[in-house]
Amino acid sequence: SLETFWTTTGMFPQEFVIGFPKCVKISKVAIQCYLVRTLRIERSISKDPVGFEQCIEKDLQHTEGQLQMEEFPLPDFQATYLRFIIKSAFDHFVSVHRVMAEGT
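A brief look at the structure comes next. The structure presented is a predicted model; accordingly, all values stated were derived computationally and were not measured.

1. With respect to the state of the cysteines
The tally for this structure, following the rule as stated, stands at 0 disulfides. With no disulfide of its own, Cys-33 has Cys-55 as its nearest cysteine by sulfur position, at a separation of 17 Å. With a relative accessible area of 0%, Cys-33 lands in the buried category. The structure places no disulfide on Cys-55, whose sulfur is separated from the nearest cysteine sulfur, that of Cys-23, by 12 Å.

Pasting the structure below:
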C-alpha cells in the first residue's frame, strides 16, 4: 500500500525479510526509503528463511526532506527470501516506503 510504511525502532542494525512463494529469478530490486545510510541486501534460496548470503551493501546518498530511491541491478540472481539490513542511518529513525523486485 502506498499509504503505509515500515519504520525502525531507533537502534541499528534493523532488518526485514521478504519471502516469495518459490525460488524466483530477480533482475532488479528497487527501494524507496528515508534517512538510510548503509543498506545491505542478502538472499536465501532455501525453503525456509535461513542460510542468507550477502549480495549488495551500499552507502546511500542523504536526501534531506525527500525519499531516497535506489535501484540494484541483479543479473543472474535467484532468491526465495530477501533480507534487507539497515546497518546505519542519518537519524535515529528511518522508514521504508516501498520495495520492488522485478523478474520472473
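2. Things to note about the pattern of salt bridges
Under the counting rule described, the total for this entry stands at 9 salt bridges. The residue Lys-87 makes a salt bridge to Glu-57 at a minimum N-O spacing of 3.0 Å. Taken together, the residues Lys-87 in strand 5 (residues 68-89) and Glu-57 in strand 4 (residues 53-59) connect sequence positions 30 residues apart. Judged by its relative accessible area of 33%, Lys-87 falls in the partly exposed class. Members of the salt-bridge network, linked through shared partners, are Glu-15, Arg-40, Glu-42, Glu-57, Arg-83 and Lys-87.

Parameters and conventions
- Residues numbered from 1 in each chain as written.
- Predicted model: local features only at pLDDT ≥ 70, side-chain atom pairs only at ≥ 80, totals over all residues.
- Heavy atoms only, no water.
- Disulfide = S-S within 2.5 Å.
- Buried < 20%, exposed > 50% of the residue type's maximum accessible area, 1.4 Å probe, protein only.
- Salt bridge = Lys/Arg side-chain N within 4 Å of Asp/Glu carboxyl O.
- Helix = DSSP H or I, 4+ residues; strand = E, 2+ residues; numbered from the N terminus.

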